[in-house]
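These are the residues of each chain, in order.
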Amino acid sequence: GAVVSQHPSRVICKSGTSVKIECRSLDFQATTMFWYRQFPKKSLMLMATSNEGSKATYEQGVEKDKFLINHASLTLSTLTVTSAHPEDSSFYICSAHLFGTDTQYFGPGTRLTVL
Amino acid sequence: GDSVTQMEGPVTLSEEAFLTINCTYTATGYPSLFWYVQYPGEGLQLLLKATKADDKGSNKGFEATYRKETTSFHLEKGSVQVSDSAVYFCALSDRSGGSYIPTFGRGTSLIVHP
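Throughout what follows, the structure given in this document is the object of discussion. Please read these numbers as outputs of a predicted model, since none were measured by experiment. (Residues numbered from 1 in each chain as written. Chains lettered and ligands numbered in written order. Predicted model: local features only at pLDDT ≥ 70, side-chain atom pairs only at ≥ 80, totals over all residues. Heavy atoms only, no water.)

Structural notes on the packing of aromatic side chains
Describing an aromatic ring pair means giving the distance of the ring centres and the angle of the ring planes. Rule in force here: In this analysis, rings of Phe, Tyr and Trp, with Trp reduced to its six-membered ring, are considered paired at centre separations within 6.5 Å, and the interplanar angle assigns stacked below 30 degrees, edge-to-face beyond 60, and tilted for intermediate values. Numbered from the N terminus, helices here are DSSP runs of H or I no shorter than four residues, and strands are runs of E no shorter than two. Each residue's exposure class comes from its accessible area (1.4 Å probe, protein chains only) as a fraction of the maximum for that residue type: buried when under 20%, exposed when over 50%, partly exposed otherwise.
According to the stated counting rule, one finds eleven aromatic pairs over all chains in the structure shown. Ring centres 5.9 Å apart and planes at 85° place the aromatic pair Y36 of chain A and F104 of chain B in the edge-to-face group. Residue Y36 of chain A is found in strand 4 (residues 32–38), and its partner F104 of chain B is found in strand 11 (residues 103–104); the two belong to separate chains. As far as the burial class goes, Y36 of chain A and F104 of chain B line up, both buried. Seen in terms of ring centroids, F106 of chain A and F104 of chain B are 5.9 Å apart; in terms of plane orientation they differ by 75°. Their pairing is edge-to-face. Placement of F106 of chain A in strand 10 (residues 104–106) and of F104 of chain B in strand 11 is noted, with the two residues assigned to different chains. A residue is classified by how much of its surface remains accessible, and F104 of chain B, at 13% relative accessible area, is buried.

Considering the sheet that holds strand 7 (residues 56–59) of chain B
Residue and element names in this part refer to chain B. So the rule is basically this: Only strands joined by at least two bridges in the DSSP assignment are considered to pair. A fitted line through C-alpha atoms represents every axis, and for helices the fit uses only the stretch in contact; the resulting angles, taken between N-to-C directions, go from 0 to 180 degrees.
An order of 3-9-8-7 is seen for the four strands of this open sheet, with the pairing classed as antiparallel. Taken across any chain shown, the strands that pair with only one partner, and hence form the sheet edges, are strand 3 (19–21) and strand 7. Pairwise comparison of adjacent strand axes, ignoring direction, gives a mean angle of 15° for this sheet. Inspection of the sheet shows strand 7 paired to strand 8 (residues 62–65) by four bridges, in the antiparallel sense.

Focus on the environment of I69 of chain A
Along the chain, I69 of chain A turns up in strand 7 (residues 67–73). Of the residues examined, I69 of chain A reaches a relative accessible area of 16% and is grouped as buried.

Some thoughts on the state of the cysteines
The condition that has to hold: The definition used for a disulfide is geometric: two cysteine sulfur atoms within 2.5 Å.
Within the structure shown, the criterion is met by two disulfides over all chains. With a sulfur-sulfur separation of 2.0 Å, C23 of chain A is cross-linked through a disulfide to C94 of chain A. One quick way to see it: the torsion about the S-S bond of C23 of chain A and C94 of chain A is about 80°, and its sign makes the bridge right-handed. Of the two residues, C23 of chain A is situated in strand 3 (residues 19–25) and C94 of chain A in strand 9 (residues 90–97); the sequence distance between them amounts to 71 residues. There is no split in this pair, since C23 of chain A and C94 of chain A are both buried. Sulfur-sulfur distance for the disulfide between C23 of chain B and C90 of chain B comes to 1.9 Å. On the S-S bond that ties C23 of chain B to C90 of chain B, the torsion sits near -70°, and the link is left-handed. With C23 of chain B in strand 4 (residues 23–26) and C90 of chain B in strand 10 (residues 86–94), this pair connects stretches of sequence that are 67 residues apart. Overall, the relative accessible area of 1% leaves C90 of chain B in the buried class. Looking at the unpaired C13 of chain A, the closest cysteine sulfur is the one in C94 of chain A, lying at 18 Å.

Concerning the pairing of strand 7 of chain A
Relative to strand 8 (residues 76–81) of chain A, strand 7 of chain A is paired through five bridges, and the arrangement is antiparallel. Paired with S73 of chain A across the bridge in strand 8 of chain A is L76 of chain A.

Re the pattern of salt bridges
Pairing between side chains of opposite charge can happen when their charged atoms approach one another. Keep this limit in mind: Any carboxyl oxygen of Asp or Glu within 4 Å of a side-chain nitrogen of Lys or Arg constitutes a salt bridge here.
Enumeration according to the criterion identifies six salt bridges over all chains in this entry. Measuring nitrogen to oxygen at the nearest pair gives 3.5 Å for the salt bridge that ties E22 of chain A to R24 of chain A. Classification of E22 of chain A as partly exposed rests on a relative accessible area of 23%. Between E63 of chain B and K56 of chain B there is a salt bridge; the shortest N-O distance is 3.6 Å. Since its relative accessible area comes to 34%, E63 of chain B is described here as partly exposed.

With respect to the nonpolar core
A general trend in soluble globular proteins is that nonpolar side chains are found buried together. Condition: Residues grouped as a nonpolar core are buried Ala, Val, Leu, Ile, Met, Phe, Trp, Tyr and Cys residues, joined through side-chain atoms within 4.5 Å.
Grouped together as the largest cluster of nonpolar side chains are 25 residues, with contacts concentrated most on L19, W35, L47, L48, F73, L75 and Y88 of chain B. Listed by contribution, the elements that provide at least two residues to this core are strand 2 (11–14), strand 3, strand 4, strand 5 (31–38), strand 6 (44–50), strand 8, strand 10 and strand 12 (108–113) of chain B. Broken down by element, this core gets its largest block of residues, four residues, from strand 10 of chain B. Counting 24 residues, the second-largest nonpolar core is a separate cluster that includes V19, L79, V81 and V114 of chain A.

By themselves, these are just geometric observations and shouldn't be taken as functional.
Right, here's the structure in full:
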């Protein structure tokens, strides 16, 4: 149980285009999902907390207009990287909080490469 | 605020060696403690957890004991395998603040040679 999926697993796009990444909790409902960014050989950087039915809470230094987060249902959150640039290339990971516990379950990650 | 400190890696071991990865934490409340493992190119997988002092989490031969007196949660395994090569993250989730946003350590890379 407690499986989280991400789609796509890899995406390559041209500079200036937008990319949408989906995060789904497959066998549980997640009122809260988190989006992280991970640079090579670095720890996780929390980007934002996504709550179902409300606006996401962004961490300091994360541009909310560039990284659009939508959490329209209890099993789906999306991250859209708008007007992507090469410096946005990274590994993006989502996690979902299992309600009633203190545990997060992570998706497999999405490798974004912006040319 | 809350913080997690892990030993810096990489940790390089031969197969069947004993593993210890140190983790200490600071927290204002009564956190739950976690170890996550990340294999190359993948997301994080929950390895084990402990929710209160003196609890021992265990999974796949890995163990960690919640030590409140030393604010530690060291990860151990008696005999590592090549397949254990990965990055290990220590984390805490502080329940007292009502928030479940975890705090992660920087990760420790483990390399196991045959």
